[in-house]
Amino acid sequence: MNKKDEGEGPNKHVMTVPHEWQHIVSQVLITPSEIRKRISELAVQLSTVYSKQNPILIIVLKGSFLFASDLSRALPFEHEVEFIKAKSYKGTDSTGIVKISGLESANLTNRHVLVIEDIVDTGLTLHHVYDRLTEAGAASVKCCTLLEKDTVRRHKDSPKPDYVAFYIPDKFVLGYGLDLDQRFRHLPFVGVYKQP
Ligand code: IMP
């Protein structure tokens, strides 16, 4: 399956940056309606694989909280949810150290798990999350991510996400869960950060 079949390029629809966010966002990359449409498509795609498996969605906080809640409600099959926290960024830079917490109480033995990510950038976070889920005895581990960044910084051990809502250029983005030092997660669109 090539990139064209798996996900979409952003910004097919134009939306001007709302006045109140023009100081921080230079361009709306993905609009709320594009997000809704892709989530419906992903829900159909995921149901062909998972409808009889009662998978566990491993929701990687904080960045994927909006994507995961919209996707979960769109899935037409039974599934469970677990939340983990992964932290690797300071400002617009990856620290290279990934801290994962929250898996202690989950029983994943022989369960099919689907990691829900906000964005795969270097892929270091996903690499560490996959290691932990495999150690925990999952029957299968796959990933559905809102965004995959086109970057030369991709880590050599990064797993390839199986389901990608949108491919984006190598820019720092904000909104729909993604933050800049904990700010702007609540924006209903994905926008490009306006460098000061
Ligand atoms: P990775 O480990 O480099 O793939 O980065 C994963 C995490 O870094 C994501 O889950 C995000 O929380 C954060 N991140 C990466 N790129 C961006 C961005 O453009 N905006 C906001 N957060 C980002």
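Structure: see above.
Because the structure is predicted, anything quoted here is derived from the model rather than measured. (Residues numbered from 1 in each chain as written. Predicted model: local features only at pLDDT ≥ 70, side-chain atom pairs only at ≥ 80, totals over all residues. Heavy atoms only, no water.)

Caption draft 1: Structural context of the site of the ligand. Neighbouring the ligand are 16 residues, the closest being D118, T122, G123, T125 and V173. Interatomic distance of 3.3 Å between a side-chain N/O atom of E117 and an oxygen atom of the ligand. Taking V173, its main chain carries an N or O atom lying 2.7 Å from a nitrogen atom of the ligand. Here the ligand, which alone exposes 490 Å², has 93% of that area covered by the protein. Contributing elements (two or more residues each) for the shell around the ligand: β5 (112-120) and α4 (124-135). (Near = heavy atom within 4 Å. Polar contact = N/O pair within 3.5 Å; in protein donor to acceptor, adjacent residues only side chain to side chain. Areas by Shrake-Rupley, 256 points an atom, 1.4 Å probe, with all protein chains shown as cover. Helix = DSSP H or I, 4+ residues; strand = E, 2+ residues; numbered from the N terminus.)

Caption draft 2: Seen up close, the side chain of H79. Checked against the element boundaries, H79 lands in the loop between α3 (65-74) and β3 (80-90). Overall, the relative accessible area of 18% leaves H79 in the buried class. Within the structure, H79 has its side chain in polar contact with the side chain of S72 (distance 2.8 Å). Among the polar contacts listed, one links the side chain of H79 to the backbone oxygen of F77, at a separation of 2.9 Å. Look past the residues within four positions of H79 in its chain and what remains in contact with it is N54, P55, L57 and S72. (Buried < 20%, exposed > 50% of the residue type's maximum accessible area, 1.4 Å probe, protein only. Contact = heavy atoms within 4.5 Å.)

Caption draft 3: View of the environment of C144. Topologically, C144 is positioned in strand β6 (residues 140-149). Sequence spacing of C144 and V120 is 24 residues, and the spatial spacing of their C-alpha atoms is 9.9 Å. Excluding residues within four positions of it along the chain, C144 makes contact with L42, L46, F67, L71, L114, V115, I116, E117 and Y163.

Without other data, these values stay purely geometric and don't point to any function.
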